[in-house]
Amino acid sequence: MSRTPEDASPWVPRPEFRLALPSGRSLDLTARPLLMGILNVTPDSFSDGGRFYDRSAAVRHGRDMCAEGADIVDIGGESTRPGSEPVEAEEEIRRVVPVIEQLVHEVSVPVSIDTQKRAVAEAALQAGAQIINDVSALRTDPEVATLAAEHGAPIILMHMLGSPRTMQRNPTYQEVVTDICDWLARRVEVA
């Protein structure tokens, strides 16, 4: 039997696969890819120019993303744009926790915290975040993995060569897709 373009689908459903969240809820990863809305609560965001640094603007934007179809809202308080400087954990917590605390009561989707630091991830989980998104894939603070395990929180591991400050300085790959897949597989082992 041949397939026609009308019945072709780019997404092949997997067997039942649900990602458990600390709240007891879960995300259904079976039917379709999920859309994560990115909410940068930084004065120097590379994607939005700092438009959501103000808490009320950030919460409003988080609600808007959900209304537009976001399945997860990912909140970050430290810019990871090329050349950016790190932010102290206390400052990052000051930026993200009030937004998380308010947003989790106003949206029906899970909130994730985009951080490389255990202290920030812990404060975010206590504020209601349910997923940890670590752009360093546990290289900055391996204790983020322990925290995720303690809370039963899923963790997202991102690929990056170096740090945000250095990641654009001559990044080289032999075979980019294979190299990134191998790198991520090693980080999964660490997790």
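For the structure itself, look to the data block above.
Below: a short report on this structure. (Residues numbered from 1 in each chain as written. Predicted model: local features only at pLDDT ≥ 70, side-chain atom pairs only at ≥ 80, totals over all residues. Heavy atoms only, no water.)

1. Brief notes about the nonpolar core
Judged by nonpolar contacts, the single largest core of 36 residues is most densely connected at Leu 39, Val 73, Ile 75, Ile 100, Leu 103, Ile 113 and Ile 132. When contributions to this core are tallied by element, the ones reaching two or more residues are helix H1 (55-67), strand E4 (72-76), helix H2 (89-103), strand E5 (111-114), helix H3 (118-127) and helix H4 (143-151). Discounting residues that sit within four places of it in the chain, Ile 132 has contacts with Ile 113, Ala 121, Leu 125, Val 144, Leu 147, Ala 148, Pro 154, Ile 155 and Ile 156. Listed in part, the five residues of the second largest apolar core include Leu 21, Leu 29, Ile 72 and Ile 131. (Core = buried A, V, L, I, M, F, W, Y, C linked by side-chain atoms within 4.5 Å. Buried < 20%, exposed > 50% of the residue type's maximum accessible area, 1.4 Å probe, protein only. Helix = DSSP H or I, 4+ residues; strand = E, 2+ residues; numbered from the N terminus. Contact = heavy atoms within 4.5 Å.)

2. Some remarks on the pairing of strand E6 (residues 131-134)
What you see with E6 is no split at all: Ile 131 and Asn 133 on one side and Ile 132 and Asp 134 on the other are buried throughout. Across three bridges, the pairing between E5 and E6 is parallel. Looking at the pairing, Ile 113 lines up with Ile 132 of E6. Handedness of the crossover joining E5 and E6 through H3 is recorded here as right-handed. (Pairing = 2+ DSSP bridges. Right-handed = clockwise from strand over helix to strand, strands pointing away.)

3. A word on the sheet that holds strand E7 (residues 155-157)
Overall, parallel pairing links the five strands, which are arranged E3-E4-E5-E6-E7 in an open sheet. Either end of the sheet is taken by a strand with one partner, and the two such strands are strand E3 (36-40) and E7. Between one strand axis and the next, the sheet turns through 25° on average, direction left out of account. Pairing analysis gives five bridges linking E3 to E4, with the strands arranged parallel. (Axes fitted to C-alpha atoms, helices over the stretch in contact; angles between N-to-C directions.)

4. A few points about the pattern of salt bridges
Tallied over the full model, the rule gives 10 salt bridges. Here Arg 32 and Asp 71 are joined by a salt bridge, their closest N and O atoms 2.6 Å apart. On the criterion of sequence distance, the pair formed by Arg 32 in the loop between strand E2 (26-28) and E3 and Asp 71 in the loop between H1 and E4 is long-range, its members being 39 residues apart. Residue classification places Arg 32 among the partly exposed residues on the basis of a relative accessible area of 42%. (Salt bridge = Lys/Arg side-chain N within 4 Å of Asp/Glu carboxyl O.)

5. Some details on the side chain of Lys 117
Mapping Lys 117 onto the fold places it in the loop between E5 and H3. Assessed through its relative accessible area of 16%, Lys 117 is described here as buried. There is a polar contact of 3.0 Å between the side chain of Lys 117 and the side chain of Glu 78. Among all residues touching Lys 117, those that are not within four sequence positions of it are Glu 78, Val 87, Ala 89, Glu 92, Asp 141 and Val 144. (Polar contact = N/O pair within 3.5 Å; in protein donor to acceptor, adjacent residues only side chain to side chain.)

6. Here's the deal with the packing of H3 against H4
Closest axis-to-axis distance for the H3/H4 pair is 9 Å, and the angle between their directions is 20°. On the basis of their axis angle, the class for H3 and H4 is roughly parallel. Between H3 and H4 lies a crossing whose hand is right-handed. Taking contact as the criterion, the partners of Arg 118, Ala 121, Glu 122 and Leu 125 in H3 are, on H4, Glu 143, Val 144, Thr 146, Leu 147, Glu 150 and His 151. A class-by-class count of the residues in the contact of H3 with H4 yields four nonpolar, two polar and four charged. (Parallel < 35°, antiparallel > 145°, perpendicular 65-115°, else oblique. Left-handed = near helix turned anticlockwise from the far one by under 90°. Nonpolar A, V, L, I, M, F, W, Y, C, P; charged D, E, K, R; others polar.)

7. Thoughts on the environment of Gly 69
The topology assignment puts Gly 69 in the loop between H1 and E4. With 40 residues separating them along the chain, Gly 69 and Val 109 place their C-alpha atoms 9.9 Å apart.

8. Here's the deal with the pairing of E4
Of all the five residues making up E4, five are buried; the element is thus mostly covered by neighbouring parts of the structure. Side chains of E4 alternate between two faces, with Ile 72, Asp 74 and Gly 76 and Val 73 and Ile 75 buried alike. In terms of strand pairing, E4 meets E5 through four bridges, oriented parallel. Each residue of the ladder has a partner; that of Val 73, found in E5, is Val 111.

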